[in-house]
Amino acid sequence: MFVGHLGAGLLVKRIEPRLNLGVLFVAALFVDILLWMLVLLGAESVGAPQSAGSARFFTFEFPYSHGLVANVLWSALAALAGWFLVAPAASRRTRVAWALGLAVFSHFVLDLIVHVPDLPILGEHSPKLGLSLWRHMPTALALELLLAAGALAVYLHAARLSVWRTILICGTVAVAGILTAAGPYISGAPPPERILALSSLATLIVVTALGFVVEGRVGLTANRRNILGVSQ
Ligand SMILES: [Zn+2]
């Protein structure tokens, strides 16, 4: 899953509009960024692709990035980061903390729906979760694209962006949607794990950077503590 996570970030923006979209993209994609870094370090790994009709999908050994307990921890840490790093107004802090935690945990919930059972509860040898919608790939992709398109519409309605920023976010979501939909239907031998990890990381970095560009800030605004880019 890729563009669906961007959809989650766009929807959390509706809950806490003061958070920078780039920050929300990082939060919603955080455990995938972590996964590919851990793959490069040899701590997590990609399994052989499995086929579903004419599509295929990967399974993973990823207890640190994608375990249930690990995700509760990552979400709590994101909430804590939101609490400590944003502008120090009490009501804002609480809401930002919850929104960041929610954005991070949304990743596990969405992955749970599509993955075959490879999401461990705690550690690689614990029971694994996954509702296997990827076995019905056209349905999985249709729902993911629908989520992203709906979230984009909700975001655009509230954000009132300039024309070029609107084009930029629409283009970003559209390209991410094309990559999401085309990926399972690419045939031939999968690339080596290292190439897969590097190309995936590069894609995630570009997409999250575009989230910051769309909203015209990278944080560090008037308030030096405001490093998450919360609007003033
Ligand atoms: Zn994931």
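Each value, and the rule that gives it
Residues numbered from 1 in each chain as written. Predicted model: local features only at pLDDT ≥ 70, side-chain atom pairs only at ≥ 80, totals over all residues. Heavy atoms only, no water. Helix = DSSP H or I, 4+ residues; strand = E, 2+ residues; numbered from the N terminus. Rg over C-alpha atoms; globule rule 2.2 N^0.38 Å. Contact = heavy atoms within 4.5 Å. Areas by Shrake-Rupley, 256 points an atom, 1.4 Å probe, with all protein chains shown as cover. Lys, Arg positive; Asp, Glu negative; His and termini not counted. Charge placed at Lys NZ, Arg CZ, Asp CG, Glu CD. Expected span 1.5 Å × (residues − 1). Buried < 20%, exposed > 50% of the residue type's maximum accessible area, 1.4 Å probe, protein only. Bend = angle between axes of the 7 residues up to and from the residue. Donors = N, O, S within 2.8 Å, 3.2 Å for Na, K, Ca; no water. Tetrahedral: all angles 85-135°; square planar, octahedral: opposite > 155°, others 65-115°. Core = buried A, V, L, I, M, F, W, Y, C linked by side-chain atoms within 4.5 Å. Salt bridge = Lys/Arg side-chain N within 4 Å of Asp/Glu carboxyl O.

A. A look at the overall build of the protein. A count of helical and extended segments in the protein gives 9 helices and 6 strands. Here the C-alpha radius of gyration of the protein, 17 Å, is about what a compact globule of 232 residues would show, namely 17 Å. Taking the principal axes of the C-alpha coordinates as reference, the protein spans close to 50 × 40 × 30 Å. Taking contacts inside the protein between residues at least 6 apart in sequence as the whole, the part at least 24 apart equals 67%. As presented, the protein carries roughly 10,900 Å² of accessible surface, and 73% of it is formed by carbon and sulfur atoms. In the protein, 15 side chains carry a positive charge and 10 a negative one; their mean positions are 16 Å apart.

B. Inspection of helix α1 (residues 3-15) at higher detail. End to end, α1 covers 19 Å across 13 residues, agreeing with the expected 18 Å (1.5 Å per residue, within 8%). Within α1, 10 of the 13 residues are buried, which leaves it mostly tucked inside the rest of the structure. Looking at the packing, one finds that the buried side of α1 touches α2 (21-28), α3 (30-41), α6 (90-114), α7 (137-159), α8 (163-182) and α9 (193-215).

C. Layout of α6. Spanning 25 residues, α6 covers 37 Å between terminal C-alpha atoms, matching the ideal 36 Å at 1.5 Å per step. At phenylalanine 105, α6 shows its maximal bend, which comes to roughly 25°.

D. The arrangement of the coordination of the zinc ion in detail. Coordination of the zinc ion by the protein is provided by Asp32 (OD), His66 (NE2), His107 (NE2) and Asp111 (OD), with metal-donor distances spanning 2.1 to 2.2 Å. Of note is the zinc ion, whose 4 donor atoms meet at the metal with angles of 85 to 175° in an arrangement that counts as irregular.

E. Here's a closer look at the nonpolar core. Ranked by size, the top nonpolar core spans 29 residues in total, and within it Leu10, Trp36 and Ile169 carry the most contacts. Within the residue set of this core, elements represented by two or more residues are α1, α2, α3, α7, α8 and α9. If you tally residues by element for this core, the top one is α9, at 6 residues. Not counting the four nearest positions on each side in its chain, isoleucine 169 is found in contact with Leu21, Phe25, Leu152, Tyr155, Leu156, Leu161 and Val214. Counting residues in hydrophobic clusters, the runner-up holds 13 residues, among them Phe57, Val114, Ala140 and Leu141.

F. Structural context of the pattern of salt bridges. Evaluated as defined, the whole model comprises 4 salt bridges. As a salt-bridge pair, glutamate 215 and lysine 13 come within 2.8 Å of each other at their nearest N and O atoms. Note that glutamate 215 is positioned in helix α9 and lysine 13 in helix α1, a separation of 202 residues in sequence. Given the relative accessible area of 13%, glutamate 215 is considered buried. The salt bridge involving lysine 128 is made with glutamate 124; its shortest N-O contact spans 2.4 Å. Assessed through its relative accessible area of 33%, lysine 128 is described here as partly exposed.

G. The arrangement of unusual backbone geometry in detail. Phi at serine 132 takes a positive value of approximately 65°, unusual for a residue other than glycine. Looking at where serine 132 falls in the secondary structure, it is placed in the loop between β6 (128-129) and α7.

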